[in-house]
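# Residue-level structural notes
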Amino acid sequence: MRLLHTSDWHLGRAFHRVGMLGAQAAFVDHLVTTVREREVDAVVVSGDVYDRAVPPLAAVELFDDALHRLADLGVPTVMISGNHDSARRLGVGAGLIGRAGVHLRTEPSACGTPVVLSDAHGDVALYGLPYLEPALVKDEFGVEKAGHEAVLAAAMDRVRADLAARARGTRSVVLAHAFVTGGEPSDSERDITVGGVAAVPAGVFDGVDYVALGHLHGCQTLTERVRYSGSPLAYSFSEAGHRKSMWLVDLAADGAVTAERVDCPVPRALARIRGTLEELLADPALARHEEAWVEATLTDPVRPADPMARLTERFPHTLSLVFDPDRPADDPEVSYARRLAGRSDQQIAEDFVAHVRGAGPDEHERAVLRDAFDAVRADEALREVAR
């Protein structure tokens, strides 16, 4: 059985205020063409179909167009909701849409109920595990502590129990939206840390033939059977080095996996350039970036006059301007943003405690801070579900 694994479409998202709907429509065209020309048997979409819980109408229309075109091809599609999606909204009409061969899996309670497809070698069971917000699903899965590993492990127990009851030789695929240990994040993913822990071990998914992951935006192979497709488009300059693609996965009769990357259309290259303003304007080696979307980091010790206007004369698609003067890290003039770069909310809060009190928090206080941040995240998730 040949699967096309994609995720993290983020329909409706902009890139530094540049609308991406045209590029997203081009990706849908490419997806449909790939399904047809590469004789794909099933499409799997591992979450974050939309960029936010209440997407703009144009994004909903593009999604609707994608569903109709996939259904017209007669190729089954399985989709799960991600942490950016409203599971309730995405799942509206799932039963009816499923009759057209597009299977929306947004309910945590249905983790152990697969979409079963067949080929010449027998059945393939595809299990959709939507994004599982621990605070919201811990009761459903009967776990005492709300954590990503606990709820995913409980969901996978249901998958393995269902699989064990099926005919010997039934092959299995799991779709999941999670941060799995070993994955490399980028700047455009929403933080899903709970209890100070974001990642779950890949071993949680043991016992199935292929795991189609979503959430991280870089295409990655954690094991031969556990892969991220990544997003089809770049949504931050941290993805400038990414090769955007989908996985074309062949599942053999014995469950063996072979996978090939299928490149996605690139609307415009990304470039991150760094130096003084005069260096960036004069360096001939930067000519290759003149038509790219550019993030320019200026290292001038004193902010130059009209930097954006001058940069856009050479790099007309400059979207982001960062000031990072070359100064020692302990220089009091180093920007607050630079001091905070790469630090989590928990670390920033602990540093604040140390600053105002003269000593950092003890273990009990760290736990209080973690619980507070988790409570805020859970409350935000509840309010998003209720919208």
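Before any of the text, the structure's been laid out above.
In short, a report on the structure. What you see is a predicted model, and the numbers here were worked out from it, not measured in a lab.

What counts, and where the lines are drawn
- Residues numbered from 1 in each chain as written.
- Predicted model: local features only at pLDDT ≥ 70, side-chain atom pairs only at ≥ 80, totals over all residues.
- Heavy atoms only, no water.
- Phe/Tyr/Trp six-rings, centres within 6.5 Å; stacked < 30°, edge-to-face > 60°.
- Helix = DSSP H or I, 4+ residues; strand = E, 2+ residues; numbered from the N terminus.
- Buried < 20%, exposed > 50% of the residue type's maximum accessible area, 1.4 Å probe, protein only.
- Lys NZ or Arg CZ within 6 Å of the ring centre and 35° of its normal.
- Salt bridge = Lys/Arg side-chain N within 4 Å of Asp/Glu carboxyl O.
- Core = buried A, V, L, I, M, F, W, Y, C linked by side-chain atoms within 4.5 Å.
- Contact = heavy atoms within 4.5 Å.

## Digging into the packing of aromatic side chains
- Inspection of every chain in the model, using the stated rule, returns 4 aromatic pairs.
- Between Phe 15 and Trp 293, the aromatic rings sit 5.4 Å apart at their centres with planes inclined by 35°, giving tilted as the arrangement. Of this pair, Phe 15 sits in strand E2 (residues 14–15) while Trp 293 sits in strand E18 (residues 293–298), and the two are 278 residues apart along the sequence.
- Under the relative-accessibility criterion, Phe 15 is labelled buried at 0%.
- A relative accessible area of 10% places Trp 293 in the buried class.
- Ring plane angle 65° and centroid distance 5.3 Å describe the contact between Tyr 50 and Phe 63, whose orientation is recorded as edge-to-face. Here the residue Tyr 50 occupies a position in the loop between strand E4 (42–46) and helix H2 (57–73), and Phe 63 occupies one in helix H2, the gap between them amounting to 13 residues. No difference in accessibility class separates Tyr 50 from Phe 63, as the two residues are buried.
- The cationic tip of Arg 227 hangs over the ring face of Trp 247; the distance from NZ or CZ to the ring centre is 4.5 Å.

## Some details on the pattern of salt bridges
- What the rule picks out here adds up to 21 salt bridges.
- Several salt bridges converge on common partners, so that one network encompasses Asp 29, Asp 65 and Arg 69.

## Focus on the nonpolar core
- Counting residues in each nonpolar core, the largest one holds 32 residues, and the members touching the most others are Leu 129, Phe 141, Leu 152, Met 156, Val 174, Phe 205 and Leu 213.
- Beyond its immediate sequence surroundings of up to four residues, Phe 141 is in contact with Pro 108, Cys 111, Leu 132, Val 151, Ala 154, Ala 155 and Arg 158.
- The next biggest cluster of nonpolar side chains, apart from the first, holds 28 residues, and it includes Leu 4, Leu 11, Val 28 and Val 49.

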